[in-house]
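# Inside the fold
Take a look at the letters that make up each chain.
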Amino acid sequence: MSESDPILDPLNEKQREAVTHGEGSLLVFAGAGSGKTRTITHRIAHLIRDRGVAPYEILGVTFTNKAAAEMQERARKLVGETNIQPELRTFHSFGVRLLSEEVNALKRERNFSIYDDRDQLAVLKECLKQLKLDPKQIKPRTLAGRINYAKDNLMYPRQYAEEQGKDADEQFYTIYKTYEKILLSNNAFDFGDLILRPVKLLQENETVRNRWQLRFQHLLVDEFQDTNPAQFELAHLLAEKHGNIVAVGDDDQSIYSWRGADISNILNFEKYFPNTKTVRLERNYRSTQPILEAAHAVIKNNSHRKDKKLWTDKSEGRKPEVYAARNDYKEAEYVLETIRLLEKMQGVSPGDCAVFFRVNAQTRVFEEVFTRENMPYVIVSSVGFYERMEIKDLLAYLKILVNPADDHSLSRIINQPSRGIGEKTEAALMEYAAAQEASGLEALPLLLESGQLTGRAHNALSKFYQLYNQLQEYNDQPPLKVIEKVLEKSRYIEKVVEKKDDHTAESRLENIEELKRVAADFGEENPDPPLADFVEEITLLTDMDTTETEATAVNLMTLHAAKGLEFEVVFMAGMEEGLLPHRNSEFDPERKEEERRLCYVGFTRAKKRLYCSWSRKRRLYGTERQNHPSPFLREAGLLDEPSALHGVDSGRRGRAFNQSRKRSKRKMKKKSKKITTASGKSNAGSRAALNYEVGEIIKHPKFGRGKIVAIQGSESSPTASIKFDAVGEKRLALAYAHLEKIS
DNA sequence: CCGTTCTGAGAGGGA
DNA sequence: CTCAGAACGG
């Protein structure tokens, strides 16, 4: 072996043990900051270089595209440039790949659409409509939860019905079946399908199973603690023949049970894969000793965990601080002031700091305070980029170009931007399509020819059909080009700009630009990029992939979003009983353990300093409530000292912040209300309604007698607020309200 | 058909 | 308190 080996030398003893493991199953408990990614990538490099494994025989599976890309990148550096790289994918993208290659064995066309959870909700609403059920009594959200649960646990409708037994679930069974039928007719899969279907296929079809079991001789699964039963089974099936599976994860960081993740997948791994070798990476390269101590003091209270303890040789460092704020504003001000202080005294940049929350709602106060005090911040992963209305609209356009059977995407944009195709017209089209057993787009020209339409509907639909045909011509162009054509031909941008309600139009345009940029990047990376691939990639992108932390601004994020990241300075905000642990987990010991893991994840993100804060009072859900400190603070050994030192709002702290706190400066929603009185009207001639004055008594055909209390609106369409004797105050457009003067 | 106002439910995390 | 969907006016 050469003197300096880039693959094996940088590893510690335990890491090397994992990396050089031979055949058979291996379980790696990789604690926070223990060099997990390094271990995985070096193992891949080692397999290729030293064990004669071909890159294409290696499959690595992760949860986010970002993690997959990072591994790809790092592995490439170690192995050197080769034409063939190992397959490093997310679970979902692997599922898509398998499904597209095996599409012949499925009831789908190759160009299937992928529905995310919002699409799923829309489909479920459609189900309820078809079955004539009331969405108020049966909530689509609940249904989505049950369907996802069923799919995560590998159950089709029938199996779910059997599993649950009882006739009580008859209704759900029917809905689930209908839902599946709609997906089928739209040539679409939902997220759950992307795992469930490959598993079923591998289980039921021997040829397919053999093919995939032979193809990948080595399987590595990252974040194994986050796998759900279906994902576990997928990994199990792929590794069944050769048994070469490496599962990497940390049970202490399992925080996705609500999404179906099953911590017992990692805890019981050895049961499913006999003769598993287990390696624990406990050496931490990230945090100081006092931080690790606090973290361990918390996590050791969990009963369902593998015993392990992180250690470091960085023995120096400060004990984490606790601050009890009088209210949530004081809490934000404390964080802000601490950051300012660190900046001044220690040269810490705001970008090195992160504030973690349990719930998104907490960010609001911080935004308000940070904005007021000019502290730069970014919210990491708030509302998903790809969930934005305009992005979903544009994607829907692309989806119908790729997959004309996609009625759901069609219905999303058939009148977006509005082009005179209303509910009725759309319903007529879909009915006609159903009668023809065709998709909406297939039925569209037939309906136009059938002569069944009224002039207006015919006109609107035929215009849309023209649009669709025009766009279809660009189908094989690069995605960026297609998007530009969609925007141009549909006049989407104009419509966005037209309704210039405050700043939303601006941010929409930005989002559209962002999507175009993504499309441009995609085009550069893929020389001849099929539109379908672009659509697939975007659909499978996650928030974690699109949002970046910021080097120059304080990073605000939820604890869930924090996993996998690290910061010099970490603030844990809202360390209160009821918030962390969240009150929904109060009565469930398992879920309470997960809250503890969340706390642990937060603590272990900190490299140098950790600050915890809580608020005695907090306005949440509209009401102000009193709080107690989180029990985790006590467990961490951070509450022991006399409260005089830590617990009291010293008053000195908030010096600069004592000015009156204005909550109202959010969104200036007021559209400058011009009070225009009737006397000011000169062009009133054409409009009979305009010569009214405030104070006049009038009569309305429906509401009866009323008094005009204000007149507002633009000159061309004035409106009046009228206080009616019978129905109270209403606002009516003077041009249309059939008012009669009676005074 | 479209836009605004009103109402009622929901507020945990996110691929 | 806030947002989504319903209801309603024009």
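Just so you know, these numbers come straight off a predicted model, no measurement behind them. (Residues numbered from 1 in each chain as written. Chains lettered and ligands numbered in written order. Predicted model: local features only at pLDDT ≥ 70, side-chain atom pairs only at ≥ 80, totals over all residues. Heavy atoms only, no water.)

### Some remarks on the overall build of chain A
Where we set the bar: A run of DSSP states H or I qualifies as a helix once it reaches four residues; a run of E qualifies as a strand once it reaches two. Both are numbered from the N-terminal end. Residue burial is assigned from relative accessible area. The probe radius is 1.4 Å, only protein chains are included, and a residue is buried under 20% of its type maximum, exposed over 50%, and partly exposed in between. A contact between two residues is defined here by any heavy atoms of the two lying within 4.5 Å.
Along chain A, the regular secondary structure elements total 30 helices and 20 strands. Out of the 743 residues belonging to chain A, those deemed buried represent 52%. Sequence-distant contacts in chain A: of pairs separated by 6 or more residues, those separated by 24 or more amount to 74%.

### Quick look at the pairing of strand β7 (residues 245–249)
Which entries qualify depends on this criterion: Paired strands, in this sense, are two strands between which DSSP finds at least two bridges. Viewed with both strands pointing away, a crossover whose connecting path from the first strand over the helix to the second turns clockwise is right-handed.
Along β7, 5 of the 5 residues are buried, which leaves the element largely enclosed by surrounding structure. The side-chain alternation of β7 yields two buried faces, one formed by Ile245, Ala247 and Gly249 and the other by Val246 and Val248. Alignment of strand β6 (residues 218–221) against β7, held across 3 bridges, turns out to be parallel. Each bridged residue has a counterpart across the sheet, and for Leu219 the counterpart in β7 is Ile245. What joins β6 to β7 is helix α11 (residues 229–239), and the crossover it makes is right-handed.

### As for the protein's contact with DNA strand B
The cut-off we apply is this: One heavy atom within 4 Å of a molecule or strand makes the whole residue count as near it. The definition of a polar contact used here is a pair of N or O atoms within 3.5 Å, where within protein one atom must be able to donate a hydrogen and the other to accept one, and adjacent residues in sequence count solely through side-chain atom pairs.
Around DNA strand B there are 28 residues in total, and Lys139, Trp258, Arg358, Asn360 and Arg591 lie nearest to it. Each atom of DNA strand B within 4 Å of the protein belongs either to a base or to sugar and phosphate, the latter forming 57%. Side-chain polar atom of Trp258 to a base nitrogen of DNA strand B: 2.8 Å apart, as the coordinates give it. Between DNA strand B and Arg259, the relevant distance is 3.3 Å, taken from a sugar or linking oxygen to a side-chain nitrogen or oxygen of the residue. Mapped onto the surface near DNA strand B, the elements with two or more residues apiece are α26 (543–546) and α28 (589–603).

### A look at the sheet that holds strand β8 (residues 277–281)
What counts is decided by this rule: In this analysis an axis means a line fitted to C-alpha atoms, helices contributing only their contacting stretch, and an angle means the value between N-to-C directions, from 0 to 180 degrees.
Here 6 strands make up an open sheet; going across it, the order is β3-β2-β6-β7-β1-β8 and the pairing parallel. Edge strands, defined here as strands with exactly one partner in the open sheet, are β3 (87–90) and β8. In this sheet, adjacent strand axes meet at a mean angle of 15° when their direction is disregarded. Contacting β1 (26–30), β2 (58–62), β3, β6, β7 and β8, helix α2 (residues 36–50) crosses the sheet at an angle of about 175° to β6. Along the sheet, helix α3 (residues 65–79) makes contact with β2 and β3, crossing β3 at roughly 165°.

### Regarding the packing of aromatic side chains
Rules: By convention, a stacked pair of Phe, Tyr or Trp rings (six-membered ring in the case of Trp) has centres within 6.5 Å and planes under 30 degrees apart, an edge-to-face pair has planes over 60 apart, and any other such pair is tilted. A ring is considered to have a charge above it if a Lys NZ or an Arg CZ atom is located within 6 Å of its centre and within 35 degrees of its normal.
Scanning all chains against the criterion turns up 20 aromatic pairs. Note on Phe94 and Phe216: the rings are 6.2 Å apart at their centroids and 65° apart in plane angle, and the pair reads as edge-to-face. One end of the pair, Phe94, is in helix α4 (residues 91–101); the other, Phe216, is in the loop between α10 (206–215) and β6, with 122 residues separating them in the sequence. The exposure classification of Phe94 matches that of Phe216, with both residues buried. A ring pair is formed by Phe269 and Phe273, whose centres lie 4.7 Å apart and whose planes are at 25°; its orientation type is stacked. For Phe269, a relative accessible area of 0% gives the class buried. Taken together, the aromatic side chains of Phe224, Phe232, Phe269, Tyr272 and Phe273 make up a single cluster linked through ring pairs. Sitting over the ring of Phe172, Arg146 keeps its end group 4.2 Å from the ring centre. We note Arg215 situated over the ring of Trp212; from NZ or CZ to the ring centre the distance is 4.3 Å.

### Comments concerning the pattern of salt bridges
Threshold: Salt bridges are counted wherever a side-chain nitrogen of Lys or Arg sits within 4 Å of a carboxyl oxygen of Asp or Glu.
The tally for this structure, following the rule as stated, stands at 48 salt bridges. For Arg318, the salt bridge is made with Glu321, and the minimal N-O distance between the two is 3.9 Å. A salt bridge links Asp393 to Arg412; the shortest N-O distance between them is 2.8 Å. Taken together, the residues span a long stretch of sequence, with Asp393 in helix α17 (residues 389–402) and Arg412 in helix α18 (residues 407–413) at a distance of 19 residues. Each of Asp250, Asp251, Asp252, Arg305, Asp307 and Lys308 takes part in salt bridges that share partners, so that together they form one network.

### Digging into the packing of helix α14 (residues 289–299) against α28
Rule in force here: If an angle is under 35 degrees, it is roughly parallel; if it is over 145, roughly antiparallel; if it lies from 65 to 115, roughly perpendicular; otherwise it is oblique.
One way to put it is that α14 packs onto α28 with a least axis distance of 9 Å and a crossing angle of 175°. By the angle class used here, α14 and α28 are roughly antiparallel. On the side of α14, the interface is formed by Ile291, Ala294, Ala295, Val298 and Ile299, while α28 contributes Arg596, Arg597, Cys599, Tyr600 and Phe603.

### Some words on unusual backbone geometry
The step from Gln416 to Pro417 runs through a cis peptide bond, and the omega angle for that step is 0°. By the element assignment, Pro417 lies in the loop between α18 and α19 (423–436). With an omega of 5°, the peptide bond running from Leu580 to Pro581 counts as cis. If you check the backbone angles, Lys132 has positive phi at about 55° while not being a glycine. Positionally, Lys132 belongs in the loop between α5 (117–130) and α6 (140–152). For Lys132, a relative accessible area of 74% gives the class exposed. Not every positive phi belongs to a glycine, and Asn374 is a case in point at roughly 60°.

### Points about the environment of Ala438
Tracing the sequence through the fold places Ala438 in the loop between α19 and α20 (440–450). Sequence-distant contacts of Ala438, that is, excluding residues within four places in its chain, are made with Ala433 and Ala443.

### So, the pairing of strand β13 (residues 567–572)
With respect to burial, β13 is a largely interior element, 6 of its 6 residues being buried. Where strand β10 (residues 353–357) lies against β13, 4 bridges are found, and the strand directions are parallel. Within β13, the position partnered with Phe356 by the bridge is Met572.

### Comments concerning the nonpolar core
Defined as follows: Buried residues of nine kinds, namely Ala, Val, Leu, Ile, Met, Phe, Trp, Tyr and Cys, make up a nonpolar core once their side-chain atoms join them within 4.5 Å.
If you look at the biggest cluster of nonpolar residues, it comprises 47 residues, and the most contacted ones within it are Leu398, Leu429, Leu461, Phe464 and Phe534. Take this core: its biggest share by element is 9 residues, from α17. When near neighbours in sequence (up to four residues on either side) are disregarded, Leu429 contacts Leu410, Ile414, Gly440, Ala443, Leu444, Leu447 and Leu461.

### Digging into a negative patch on the surface
For the record, the criterion: Like-charged residues within 9 Å of one another, or nonpolar side chains (Val, Leu, Ile, Met, Phe, Trp, Tyr) within 5 Å, are grouped into patches, provided each residue has over 30% relative accessible area and no salt bridge. For the area figures, the Shrake-Rupley method with a 1.4 Å probe applies, and any residue is considered shielded solely by the protein chains shown. For the purpose of counting charges, residues Lys and Arg are taken to be positive, whereas Asp and Glu are taken to be negative. His and the chain ends are not included. The atoms used to mark charge sites are NZ of Lys, CZ of Arg, CG of Asp and CD of Glu.
Judged by side-chain charge, Glu524, Glu525, Asp533 and Glu537 come together as a negatively charged surface patch. At the level of elements, α24 (504–525) and α25 (531–540) are the ones that each hand at least two residues to the negative patch. Relative to the helices and strands, Glu537 is located in helix α25.

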